[in-house]
Structures are given as C-alpha cells and as structure tokens.
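Per-entry structural report
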Amino acid sequence: MGTAWNKLKTVMRGQARVSMERLVDANDMLLLDQQLYETEHALRDARRQLARLKAEQKRNRERSEQLTRQQEHYEAGARQAMAHEEEGLALDIGQRLAELEAQQARLEQQGVSLGQQENEFQRFIQQAAEQLRSLRHEQSMARTQEALFGQAEVPSRSEEHTSELQSHATSR
C-alpha cells in the first residue's frame, strides 16, 4: 500500500510541475514583453535624469564663472582701497573675497560630485541599452519561433537585471 501511495504522490507532484511549467511557458512572451517595457522605461528615465544632471552641471559652471568675475572685481577694488590707504574698506572687501572663495570651493566640490554621478549614469545607460538590445533580440527570436512552430520558447532569464536597471533609474 505504501508503494502505491508513494507512486500516487509522485504522479501528483509531476502533474503539478507539468501544469506549472505549461502556465509559465504560456506567459513567457508576456514576461519578456514586460521585461522589455521595464528596461525601456528605466532607460528613458535614466536619460532624463542624465539631462537634468547635465543642466545642473551647466548652472554650476555658469555660477562658478560668475563668482570668478566677482572675485576679480573685488580684488581690483581691494587694490584700489589699499592704494588710497582705506584699510577698513580693503578689510571689508577681503572678507567678501573670502566668502566668494568659500562658495567657489563648494561649487568645485559639487562639480566633482556631479561628474561622478554623470559617469555612473553613462555606465548605467550603456548597460540598459545593451540589455534592451538583448531583450529585443530574444523577443524577435521568440516571435519567429512562435510563428514557425506555434509556441514560443523564451530562453529562461533572470529578472534581476531588469529590476536592477529599474531600481537604479528610480533611485536618482
């Protein structure tokens, strides 16, 4: 009796597995289409964020140039004040120059950080574009196989990379 019962349990597990595999196979194209959609969305978001980052870098550079011009103006004023022996004015101008130099240093640090972020986005966009090409190729192959044989066999792939791309794009 135990052997028949074990065989029955084994048959039931096998039927459940086959049923589950059929369900997964039936949804392979849907899963692939969803991965493609999510990768395209992540790539689009990353490109938008990169554009915003570049705009911020441009504003940073413009502000830095403006600060440099102000520093030059104040330095000339300090020299004139010293030439006219107005030490109080020269001291006030010197304090303003120190503030401008501190702002300039902060902008330079920001520039370095923005440059690093830009490099990260460039690498991410390259990875996402490669993933997208791969998914489109798989989709094309699966659709061709489906047209020829009536059933698409999508190569089993990990969804981790697509979710990683999507989470990276939304984390910025």
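Residues numbered from 1 in each chain as written. Predicted model: local features only at pLDDT ≥ 70, side-chain atom pairs only at ≥ 80, totals over all residues. Heavy atoms only, no water.

**Remarks on the overall build of the protein**
How we decide: Note on conventions: DSSP H or I runs of at least 4 residues are helices, E runs of at least 2 residues are strands, and numbering of each starts at the N terminus. To sort residues, take the accessible area from a 1.4 Å probe on protein chains only and compare it with the maximum for the residue type: under 20% means buried, over 50% means exposed, and anything in between is partly exposed. Contacts: residue pairs with any heavy atoms within 4.5 Å of one another. To measure how exposed things are, a 1.4 Å probe is used in the Shrake-Rupley method; for residues, cover is taken only from the protein chains shown.
When helices and strands are tallied, the protein shows four helices and zero strands. The N-to-C order of helical and strand elements in the protein reads α-α-α-α. Within the protein, the proportion of its 172 residues that are buried is 26%. Of the contacts formed within the protein by residues at least 6 apart in sequence, a portion of 82% connects residues at least 24 apart. Of the roughly 12100 Å² that the protein leaves accessible, carbon and sulfur atoms contribute 51%.

**Some remarks on the pattern of salt bridges**
Let me state the cut-off plainly: Any carboxyl oxygen of Asp or Glu within 4 Å of a side-chain nitrogen of Lys or Arg constitutes a salt bridge here.
Considering all chains together, one arrives at five salt bridges under this definition. Arg48 is paired through a salt bridge with Asp45; the nearest N and O atoms lie 3.1 Å apart. Separated by three residues within a single helix, Arg48 and Asp45 lie in helix 2 (residues 28–83), roughly one turn from each other. Residue Arg48 is classed as partly exposed on the basis of its relative accessible area of 41%.

**Concerning the environment of Leu107**
Its place among the elements puts Leu107 in helix 3 (residues 87–149). Relative accessible area serves as the criterion here: at 13%, Leu107 is assigned to the buried category. Taking the C-alpha atoms as reference points, Leu107 and Asn60, separated by 47 residues in sequence, lie 6.6 Å from one another. Non-local contacts of Leu107, meaning those with residues more than four positions away in its chain, are made with Asn60, Arg63, Ser64 and Leu67.

**A short note on the nonpolar core**
Definition in use: Residues belong to one nonpolar core when they are buried, are Ala, Val, Leu, Ile, Met, Phe, Trp, Tyr or Cys, and are joined through side-chain atoms within 4.5 Å.
One finds Leu43, Ala46, Leu50, Leu53, Phe121, Phe124 and Ile125 to be the most contacted residues of the largest nonpolar core, which totals 15 residues. Elements represented by at least two residues in this core include exactly helix 2 and helix 3. Counting residues per element, this core draws most heavily on helix 3, which supplies eight residues. The residues contacting Leu50, other than those within four sequence positions of it, are Glu118, Phe121, Gln122 and Ile125.

**Thoughts on the environment of Leu43**
Secondary-structure assignment places Leu43 in helix 2. What makes Leu43 buried here is its relative accessible area of 4%. In sequence terms Leu43 and Gln127 are 84 residues apart; their C-alpha atoms lie 9.2 Å from each other. Excluding residues that lie within four positions of it along the chain, Leu43 makes contacts with Ile125, Ala128, Ala129 and Leu132.

**Regarding the confidence of the model for the protein**
Low-pLDDT portions of the prediction should not be read for the details of their coordinates. Under the convention used in this document: On a scale of 0 to 100, pLDDT captures the predictor's confidence in every residue.
Across the protein, pLDDT averages 83, with 78% of residues at or above 70. Helix 4 (residues 160–170) is the least confidently modelled element of the protein, averaging 56 in pLDDT, while helix 2 averages 93, the highest of any element.

**Some remarks on unusual backbone geometry**
The phi torsion at Glu85 lies on the positive side, around 55 degrees, for a residue other than glycine. Among the secondary structure elements, Glu85 is positioned in the loop between helix 2 and helix 3.

**A look at the packing of helix 2 against helix 3**
Counted only if it meets this: Helix axes are fitted to C-alpha atoms over the stretch in contact, other axes to C-alpha atoms as well, and angles between N-to-C directions run from 0 to 180 degrees. For this classification, under 35 degrees means roughly parallel, over 145 means roughly antiparallel, 65 to 115 means roughly perpendicular, and everything else is oblique. Should the near helix be turned anticlockwise from the far one by less than a right angle, the crossing is termed left-handed; should it be turned clockwise, right-handed. Three categories are distinguished: nonpolar for Ala, Val, Leu, Ile, Met, Phe, Trp, Tyr, Cys and Pro, charged for Asp, Glu, Lys and Arg, and polar for the others, with Gly belonging to the last.
The geometry of helix 2 relative to helix 3 is characterised by a closest axis approach of 6 Å and an angle of 165 degrees between their N-to-C directions. The angle between helix 2 and helix 3 falls in the class roughly antiparallel. Considering only the axes of helix 2 and helix 3, their crossing is left-handed. Among the residues making up the contact of helix 2 with helix 3, the classes are represented as 28 nonpolar, 19 polar and 14 charged.

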